[in-house]
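Take a look at the letters that make up each chain.
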Amino acid sequence: MLHLGACVLRRGARAAELQSARLRLARRRRSLQRLRRVLEDVGAYSLGFVAGGRRLVLGTFANKLLCFEVGGEAEAVELEGHDEWVQGISSSPDGTEFATQGASGTVLVWSAQELERLGEFRVGTGAPSFRWSNDERWFLVSMRSHAIHLCARTTGTVAARAFGHGGIIYDFAESKDA
C-alpha cells in the first residue's frame, strides 16, 4: 500500500511539472507573438540582449528603443533619445549597462535594470558597428572611413585608430582574452 501511495505522489508531481512547463511554453508563445506584431508594425533595425539576457532591446526606424522582458507578459517599455534610427545595440560585459548607436553617430548609454539614460556622446556619422570592450572602459567603433576607433566610454573621445581595411567594416568582435 505504501509503495502504491508513492507512485501516485510521483505521478501527481509529474503532472504538476508538466502543467508548469505548459504554462511556461504558453507564456513564451504569447511573448513571441507580441514581438512579431511589434516587428511588423514598427520595423526594427537592430536588436540586442541586455541585463544578462533578461531583456531584449529593439532599435527601430522610428528613432526609438523597445525593451521587452524575455518571457514576460508586460508591454514593451519605450525609450527615446535618438534623432535618427537606431542602428546598433551593445551590452556591457557585466550586463549592468547597454549602449545604443543612432545613424547620426550619437551613442546613448543606459542602465540595463532601471532603463535610465546615463550618458551621451558622438562617435561620428554612419558608424556601422560598435562594441563595448571587455574591460568596459572603451567602445570599439567601425567607421565608414575604413578604420576602427577606440573611444572612451564616458566621453567618446578617440584614443586610437586602426587603419588598413580597403572597405567599410560592417562588423567585428573582440577576443575574450584581449
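Quick note: structure is the one above.
The following paragraphs examine the structure supplied in this document. The residue numbering used here restarts from 1 in each chain and proceeds along that chain's sequence as written. Local features in this predicted model are restricted to residues whose pLDDT is 70 or higher, and side-chain atom pairs enter the listing and the counts only when it is 80 or higher, whereas totals over whole chains, interfaces and linings include all residues. Side-chain metrics rest on all non-hydrogen atoms present in the structure, leaving aside hydrogens and water.

### Considering the pairing of strand E9 (residues 129-132)
This is how the line gets drawn: Paired strands, in this sense, are two strands between which DSSP finds at least two bridges. Think of it this way: any DSSP run of H or I at least four residues long counts as a helix, any run of E at least two long counts as a strand, and we number them from the N terminus.
Examined bridge by bridge, E9 and strand E10 (residues 138-142) share four bridges and lie antiparallel to one another. Bridged to Phe130 within E10 is Val141. Linking two consecutive strands that pair antiparallel, namely E9 and E10, is a turn of five residues; a positive phi of about 65 degrees is found at Glu136 within it.

### Observations regarding the side chain of Arg55
Rule in force here: Burial status follows relative accessibility: with a 1.4 Å probe on protein chains alone, a residue under 20% of its type maximum counts as buried, one over 50% as exposed, and anything between as partly exposed. Contacts described as polar in this section are N or O atom pairs within 3.5 Å, which, within protein, must combine one atom able to donate a hydrogen with one able to accept it, while residues neighboring in sequence count only if both atoms come from side chains. Whether two residues are in contact is decided by their heavy atoms: any pair within 4.5 Å suffices.
Mapped onto the secondary structure, Arg55 falls in strand E2 (residues 55-60). Residue class for Arg55 comes out buried when judged on its relative accessible area of 12%. Of the polar contacts made by the side chain of Arg55, one reaches the side chain of Glu69; its length is 2.8 Å. Once you skip the residues sitting within four places of it in the chain, Arg55 turns out to touch Gly48, Phe49, Val50, Phe68, Glu69, Val70, Ala112, Gln113 and Leu115.

### Thoughts on the packing of aromatic side chains
Remark: the centre distance and the inter-plane angle together describe each pair of aromatic rings, the angle taken between the planes. The condition that has to hold: Pairing of aromatic side chains here covers Phe, Tyr and the six-membered ring of Trp, requires ring centres within 6.5 Å, and sorts the geometry by plane angle: under 30 degrees stacked, over 60 edge-to-face, intermediate tilted.
Tallied over the entire structure, the rule returns two aromatic pairs. With a centroid separation of 6.0 Å and an interplanar angle of 50 degrees, the aromatic rings of Phe61 and Trp85 are classed as tilted. In this pair, Phe61 is assigned in the loop between E2 and strand E3 (64-69) and Trp85 in the loop between strand E4 (77-80) and strand E5 (86-91), connecting sequence segments 24 residues apart. For Trp85, a relative accessible area of 27% corresponds to the partly exposed category.

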